Every structure is written in structure tokens, then in C-alpha cells.
Amino acid sequence: MLVAGFPAGSFQTNCYVVASGPGEACVVVDPGQDAVEPLDALLAEHRLTPVAVLLTHGHFDHTFSVTPVCDGHDIAAWIHPEDREMLADPMKGLSRESAAFFGGRLEMREPKSVEEMTDGSSLDLAGLTLRVDHTPGHTRGSVIFTPTSAADEGQGAEVIIAGDTLFAGSIGRTDLPGGDHGQMLASLRDKLLTRSDDALVLPGHGATTTIGRERASNPFLQGLPVPGRGL
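Structural notes, computed from the coordinates. (Residues numbered from 1 in each chain as written. Predicted model: local features only at pLDDT ≥ 70, side-chain atom pairs only at ≥ 80, totals over all residues. Heavy atoms only, no water.)

Let's talk about the overall build of the protein
Check the secondary structure of the protein and you find 7 helices and 14 strands. Relative to its length of 231 residues, the protein is compact, with a C-alpha radius of gyration of 17 Å against a globular reference of 17 Å. For the protein, the C-alpha atoms occupy an extent of roughly 50 × 45 × 30 Å along the three principal directions. Relative to its full complement of 231 residues, the protein shows a buried share of 53%. Of the contacts made within the protein by residues no fewer than 6 positions apart, 62% connect residues no fewer than 24 positions apart. With the model as given, the accessible surface of the protein reaches about 10,000 Å², and the carbon-plus-sulfur share is 51%. Taken as two groups, the 16 positive and 31 negative side-chain charges of the protein have centres that lie 4 Å from each other. (Helix = DSSP H or I, 4+ residues; strand = E, 2+ residues; numbered from the N terminus. Rg over C-alpha atoms; globule rule 2.2 N^0.38 Å. Buried < 20%, exposed > 50% of the residue type's maximum accessible area, 1.4 Å probe, protein only. Contact = heavy atoms within 4.5 Å. Areas by Shrake-Rupley, 256 points an atom, 1.4 Å probe, with all protein chains shown as cover. Lys, Arg positive; Asp, Glu negative; His and termini not counted. Charge placed at Lys NZ, Arg CZ, Asp CG, Glu CD.)

Let's talk about the nonpolar core
Membership of the largest hydrophobic core comes to 24 residues, with the highest contact counts inside it found for F6, V17, L39, L48, V53 and V66. Secondary structure elements with two or more residues in this core: β1 (2-8), β2 (13-19), β3 (25-29), α1 (36-46), α3 (66-73) and β5 (76-79). Excluding anything up to four places from it in sequence, V53 contacts V28, P31, V66, V69, C70, I75, A76, A77 and W78. One finds L54, A76, A126 and V132 within the second-largest nonpolar core, a separate group that totals 20 residues. (Core = buried A, V, L, I, M, F, W, Y, C linked by side-chain atoms within 4.5 Å.)

A few points about the pairing of β1
Across the two faces of β1 the burial differs, with L2, A4, F6 and A8 buried and V3, G5 and P7 not buried at all. Pairing of β1 with β2, which is carried by 7 bridges, proceeds in the antiparallel orientation. Residue pairing for β2: P7 is matched across the bridge by N14. The loop that links β1 with its antiparallel partner β2 comprises 4 residues; one of these, G9, has a positive phi angle of about 70°. (Pairing = 2+ DSSP bridges.)

Quick look at the side chain of H57
Within the secondary structure, H57 is located in the loop between β4 (49-54) and α2 (60-63). Engagement of the side chain of H57 in a polar contact is seen with the side chain of T56, the distance being 3.0 Å. With sequence-adjacent residues up to four places away left out, H57 is seen in contact with H62, T63, I79, D83, H138, T139, G141, S142 and D164. (Polar contact = N/O pair within 3.5 Å; in protein donor to acceptor, adjacent residues only side chain to side chain.)

Section: the sheet that holds β5
Across the sheet, which stays open at both edges, the 6 strands sit in the order β1-β2-β3-β4-β5-β6 with mixed pairing between neighbours. Whereas interior strands pair on both sides, the edge strands pair on one side only; in this sheet they are β1 and β6 (114-116). Averaged over all pairs of adjacent strands, the angle between strand axes in this sheet comes to 25°, irrespective of strand direction. Contacting β1, β2, β3 and β4, α1 runs over the sheet at an angle of about 160° to β1. Sheet contacts for α3: β4 and β5; angle to β4, the most-contacted strand, approximately 140°. (Axes fitted to C-alpha atoms, helices over the stretch in contact; angles between N-to-C directions.)

Set out below in C-alpha cells:
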């Protein structure tokens, strides 16, 4: 499986492409601000053809370029229904202070084609199977993706595209509209800390990490009971 990415725009939001290999179809995850040109370069480098855009949540630093990417390639965007309204109205995901910074308005529109995904669903796209886990806390509709390909099944570490649910050394903020700290801790406990220590975490911002590293050192995860493992 091929996974590649880059930090996009002033928010340095990680945009990823996932494919079964070079020269194949791919999915694009979280095309943020100013992502179109570097994404085109990455697609050309690996000879990839995008077939869908997947969104870990609706905050505009992750969705800023979703419409030009989707409409430019005639593909659909996938998002959890709880966050869909932010595609056309990103102000619904911002604090009052942040909204004021943008003059109270930030105009965006949905792509021509939008599909919704739910907890536990499996998306069969680009020769991959991507498991969707709903992880509310950062937003009501936050999700994480676990991609696998038939060729790689049972080989290598699990890959988790975590959006803003889990970072290296931190977790996503929960003080924005739709955020909930209790839900965040439950999502981390039930959907991430149950994974094996060697599972690779690709966050929405910052460096790649592993579940084992975060289990051992992330201050926000200390003391969280894990089903079947105790404290």
C-alpha cells in the first residue's frame, strides 16, 4: 500500500493520498488550504488517479480545497453527516473569536457530489477497503480511517488516518462548536487505545506516531481504561 502526504497551507494540515501502489487509483484525505497544486504534483509523481476525497471532519482547514479537487476530477467527497453542514458554512465550526478574524464570513460550497459515511462502515474505493470509525469529540462528525489493500492484508503494521482526534503528544481541541471533551476521551479509549502498539498513526497535523508511543507518553491518554486491558 502506498501512503504519501504533505502539510498544506498556513494551518499545515496534513493531506494524504492512499493507493494500492504507484500507477493506481487513489483516495485523497483532507485537502486543506492551498492543497491543489502540491496534490497535483504528488499525484503526478506517483502516477495516481483520484477516485474519491475522504474527510476526517468538517473544519475548513481540512476541507478548504475539497470542492476544486472533487469537481476538478469529477469525484465525490465523503463526510460524516454530523459535519456535512460545515462544507457550505465553515463558520459553524469556528469559535466567535476565529469567526471575527475572518470578518464573520467565509464562503464555501459543497462539491457537486457528496456521500455520507457512518460508524463501522467499510468503503471499497481505489482497490482499498477503508474502515470508518466515528470518533466524536473534536467535532460531532469526526472519523478515523483504517485502510487496507488485498495485497498487504496481514502484512506490516496497521495504518490509522486519525485526523484531529490524536496527535503526537496531544489530542484535538474540544473547545470549538461541536466539541466535547468527554466524547473525545471515550473515542480515544474505545477506537484508538484498543489498537496494537505498532499501529501507525497519521495525524491531521504534525508528525507521524504510533499507538504504543502515545499510550506510553501522551499525557492526555494516561489513566484511560481500555476495554479488556484495564488501566
